[in-house]
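Tertiary structure, described
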Amino acid sequence: MAEEHHYLVGLDLTGRRVVVVGGGTVAQRRLPRLVGAGAAVELVSPHTTPSVSAMADAGEITWHERRYTDGDLTGAWYALACTDAPDVNAAVCAEAERERVFCVRADAGFAGSAVTPASGEYDNLLVGVLSGGTHRRSATVRDNLLDGLHSGVIADPGEDPGESGEPAGVALVGGGPGDPELITVRGRRMLARADVVVVDRLAPRELLDELPPHVEVIDAAKIPYGRAASQEVINAALIDNARAGRFVVRLKGGDPYVFGRGFEEVLACAEAGVPVTIVPGITSAFAVPAVADVPVTHRGVAHEVVVVSGHVPPGHEQSLVDWDALGRLRGTLVLMMGVERIERFADTLIEAGRPADTPVAMIQDGTMRGQRVVRSTLKAIGADAAEAGIRPPAVTVIGPVAGLAPDQERSAPG
């Protein structure tokens with residue numbers, strides 16, 4: 001193969017006309033990044049994939065539902081020939097040459113005037129790799145570069161504080177259900193920039209070992225006093241450190257807004273004039289059952305999911321839960337923080353109308369190495385959980401979905 005020489009450059013396509021000819025899987029891969037770059041994308045193709053059609057329906061691109069004709073590139077800044085017909089792609093490239101429009105030819109990259117690099121994003125960096133047409137090589141190198149940046153093997157000094165795209169102050173980060181690999185990419189990036197980390201007991205603590213030595217770690221679980229006072233002390237730790245010019249990450253388990261008291265901390269910071277960045281996390285309510293082979297919804301089995309806090313029991317003066325209404329539902333109930341009172345919750349649901357033989361799955365330490373699962377029924381879950389020695393943290397799934405298993409052949413209606 002003759003050596004290819006390409007000049008790697010970043011194009012500002014915002015608001016500029018880009019024409020994509022062909023609506024197959026190649027176009028489907030290329031379109032999202034073009035749309036994300038702000039290009040005014042026009043697709044020319046008699047047919048397209050459902051995903052591309054959905055983009056057109058959503059107004060993200062303009063779809064000309066016909067075959068390519070000479071003149072389609074007039075006024076374009078950039079073009080991609082992505083059809084499965086070499087003669088059509090050649091014609092598109094020929095017009096592009098006449099119109100002085102850079103053109104990518106998907107079926108024969110060397111024949112176009114531009115090539116698409118294997119690209120990816122990391123912390124406002126766009127990484128692109130060209131390898132003279134050997135796409136697998138460029139993709140592999142791209143992946144290795146991104147992995148190195150994410151893991152810290154490849155050092156990234158970051159931007160100057162005044163030029164950084166990340167806000168100062170506090171980042172409220174959802175750490176996911178427990179497995180450190182299930183934190184979001186953005187959450188991990190925030191941790192890498194932290195000066196102070198205020199961490200919850202259920203947050204993925206293995207990630208703390210990756211922090212540089214200068215990062216101060218405040219263990220929120222060790223803050224003294226009662227629950228209300230503890231939250232006040234946590235709020236003060238966030239605000240005081242942020243006001244001192246430190247970038248503070250509040251690392252929580254699951255998602256900060258799903259029984260994580262995250263919005264209380266946002267309100268406290270807002271009142272103090274401290275900016276907050278919200279980084280959602282994978283909620284344990286859905287992720288823990290999924291890892292234990294319990295789908296919270298399933299076609300023909302459950303059309304509703306209700307996530308309920310078990311922090312206070314039924315009948316408690318502070319309870320906001322309508323347990324009678326939950327007892328009348330037929331779908332899925334996900335109970336959080338309900339291990340110690342599971343028998344009382346079960347009895348209340350049965351009294352409210354839930355059948356006693358309703359399947360139940362209780363998952364302790366979900367996504368972690370010590371994960372344990374107990375499958376039972378609403379009537380028996382209290383005794384079964386006690387016999388198995390289930391302890392918090394655990395997620396309890398109540399409903400027909402808890403009786404499903406991937407090794408059983410089932411046919412769902414609908």
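Going by the structure above, here's the rest.
Description of the structure in this document. (Residues numbered from 1 in each chain as written. Predicted model: local features only at pLDDT ≥ 70, side-chain atom pairs only at ≥ 80, totals over all residues. Heavy atoms only, no water.)

The secondary structure content of the protein chain amounts to eleven helices and 17 strands. Relative to its 414 residues, the protein chain shows a buried fraction of 43%. Considering only residue pairs separated by 6 or more positions, the protein chain has 61% of its internal contacts joining residues 24 or more positions apart. Counting every atom, the protein chain has about 22300 Å² of accessible surface; 52% of that belongs to carbon and sulfur. In the protein chain, which carries 38 positive and 54 negative side-chain charges, the distance between the mean positions of the two groups comes to 2 Å. (Helix = DSSP H or I, 4+ residues; strand = E, 2+ residues; numbered from the N terminus. Buried < 20%, exposed > 50% of the residue type's maximum accessible area, 1.4 Å probe, protein only. Contact = heavy atoms within 4.5 Å. Areas by Shrake-Rupley, 256 points an atom, 1.4 Å probe, with all protein chains shown as cover. Lys, Arg positive; Asp, Glu negative; His and termini not counted. Charge placed at Lys NZ, Arg CZ, Asp CG, Glu CD.)

The next subject is the pairing of strand β12 (residues 276-279). Every second residue of β12 is oriented toward a common face, the buried set being Thr-277 and Val-279 and the non-buried set Val-276 and Ile-278. In this structure, strand β8 (residues 170-174) lies alongside β12, joined through four bridges in parallel fashion. Counted as the bridge partner of Val-173 is Val-279 from β12. (Pairing = 2+ DSSP bridges.)

Of the positions making up helix α2 (residues 50-57), those classed as buried are Val-52, Met-55 and Ala-56. The buried side chains of α2 occupy one side of the element, clustering within an arc of 100° when seen end-on. Turned more than 90 degrees away from the buried face of α2 sit Pro-50 and Asp-57, all of them exposed. Contacts made by the buried residues of α2 are with α1 (25-36), β2 (40-44) and β3 (62-64). One or two steps after α2, the chain reaches Gly-59, where phi turns positive at roughly 80°. (Arc of directions from axis to C-beta.)

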